[in-house]
Amino acid sequence: MTIIDELGKASAKAQHLPAPITSASRMQSNRHVMYILKDTSARPAGKGAIVGFLKVGYKKLFVLDDREAHNEVEPLCILDFYIHESLQRHGHGRELFQHMLQKERVEPHQLAIDRPSQKLLKFLNKHYNLETTVPQVNNFVIFEGFFAHQHQGHGGPRWPGWDHSTAPESQGGLTAPT
Ligand code: ACO
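Residues numbered from 1 in each chain as written. Predicted model: local features only at pLDDT ≥ 70, side-chain atom pairs only at ≥ 80, totals over all residues. Heavy atoms only, no water.

## A closer look at the site of the ligand
The ligand sits among 26 residues. The nearest are Phe81, Arg89, Gly91, Ser117 and Lys126. Residue Gln88 places a side-chain N or O atom 3.4 Å away from an oxygen atom belonging to the ligand. Arg89 is positioned such that a nitrogen or oxygen atom in its backbone is 2.8 Å from an oxygen atom of the ligand. Taken together, the elements giving at least two residues each to the shell around the ligand come down to strand 5 (76–83), helix 3 (92–104), strand 6 (112–114) and helix 4 (118–128). Its residues assigned to classes, the shell around the ligand comprises 10 nonpolar, 8 polar and 8 charged. (Near = heavy atom within 4 Å. Polar contact = N/O pair within 3.5 Å; in protein donor to acceptor, adjacent residues only side chain to side chain. Helix = DSSP H or I, 4+ residues; strand = E, 2+ residues; numbered from the N terminus. Nonpolar A, V, L, I, M, F, W, Y, C, P; charged D, E, K, R; others polar.)

## Examining the packing of aromatic side chains
Evaluated as defined, the whole model comprises 7 aromatic pairs. With 5.4 Å between their ring centres and 80° between their planes, Phe81 and Phe123 make a pair best called edge-to-face. A residue pair is termed long-range when its members are at least 10 positions apart, and Phe81 in strand 5 and Phe123 in helix 4 qualify at 42 residues. Ring geometry for Phe97 versus Tyr128: centroids 5.2 Å apart, planes at 35°, classification tilted. Taken as a pair, Phe97 in helix 3 and Tyr128 in helix 4 lie far apart in primary sequence, 31 residues in all. Taken together, the aromatic side chains of Phe81, Phe97, Phe123 and Tyr128 make up a single cluster linked through ring pairs. (Phe/Tyr/Trp six-rings, centres within 6.5 Å; stacked < 30°, edge-to-face > 60°.)

## As for the nonpolar core
In this structure, Leu54, Ile78, Phe97, Met100, Leu111 and Leu124 are the most contacted members of the largest nonpolar core, which totals 22 residues. When residues of this core are traced back to their parent elements, those giving at least two are strand 1 (33–39), strand 2 (49–58), strand 5, helix 3 and helix 4. Not counting the four nearest positions on each side in its chain, Leu111 is found in contact with Leu76, Ile78, Phe97, Met100, Leu101, Val106, Val141, Ile142 and Phe146. Core analysis: the next-biggest nonpolar cluster, separate from the first, contains 10 residues, Val63, Val73, Phe140 and Phe146 among them. (Core = buried A, V, L, I, M, F, W, Y, C linked by side-chain atoms within 4.5 Å. Buried < 20%, exposed > 50% of the residue type's maximum accessible area, 1.4 Å probe, protein only. Contact = heavy atoms within 4.5 Å.)

## Concerning the UniProt feature "site: Crucial for catalytic activity" (unreviewed entry) in the protein
Residues annotated by UniProt as "site: Crucial for catalytic activity" (unreviewed entry) correspond here to Gln15. Following the sequence through the fold, Gln15 ends up in the loop between helix 1 (3–14) and helix 2 (24–29). On the basis of relative accessibility, which here comes to 27%, the residue Gln15 falls in the partly exposed class. Reaching out from Gln15, the side chain makes a polar contact with the side chain of Ser11 at a distance of 2.8 Å. (UniProt positions renumbered as here; feature names shortened; annotations may be inferred.)

## So, helix 3
Taking 1.5 Å per residue, 13 residues should reach 18 Å; helix 3 reaches 18 Å between its end C-alpha atoms and fits that length. Turning to helix 3, its buried residues number three or more, namely Gly93, Leu96, Phe97, Met100, Leu101 and Glu104. Buried residues in helix 3, looked at end-on, bunch into an arc of 140°, giving them a common side. Counted as exposed and oriented over 90 degrees from the buried face of helix 3: Gln102 and Lys103. Contact partners of the buried residues in helix 3: strand 1, strand 2, strand 5 and helix 4. (Expected span 1.5 Å × (residues − 1). Arc of directions from axis to C-beta.)

Take a look at the structure:
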């Protein structure tokens, strides 16, 4: 079992999921990006310890706007996020999230969140003032400002032909038909 498998298992346990949604094999078959926060000063010396991880990826989704119209979009999605139990509420989650936002060049309002836990909803509210959601019929949560902040390229709303080559990993959300 790889470190990525171990992290996926720990995250699933923390979220009471029936099975991990992050594993080494899934990382190989999906175009997801995993940001890992490591404490280099931790023992054993030289090896350090992993504090947590954040997995993101672009997904084609249908999302409802505030007029309940369906929009096909391809936002960056928060797919899995975990900080070790002993280190939660010490600011590590925010540090990791900030790093991801900078690297991916996205604003918090542009994100779609896959089945956020209560802890994550509180986290997003506290650090990024994300509170008012736009109701959806799938498992993804988007916040007020999502449509205003979308831009061309990655993002939407837009109506391209379906790209069958990038069928997303299904996690229960409404996704593009194959
Ligand atoms: N209860 C309520 N709110 C919490 C909790 C908790 N146990 N833990 C963190 N938060 C929220 C609060 O807003 C908290 O602020 P407060 O302490 O002033 O109330 C804030 O997060 C703390 O911010 P950070 O210290 O930067 O966050 P942390 O390092 O704890 O990371 C994370 C946040 C990733 C949600 C972490 O708590 C965690 O791993 N939780 C368990 C797994 C989980 O729920 N992951 C999200 C799953 S959903 C998804 O991944 C799409």
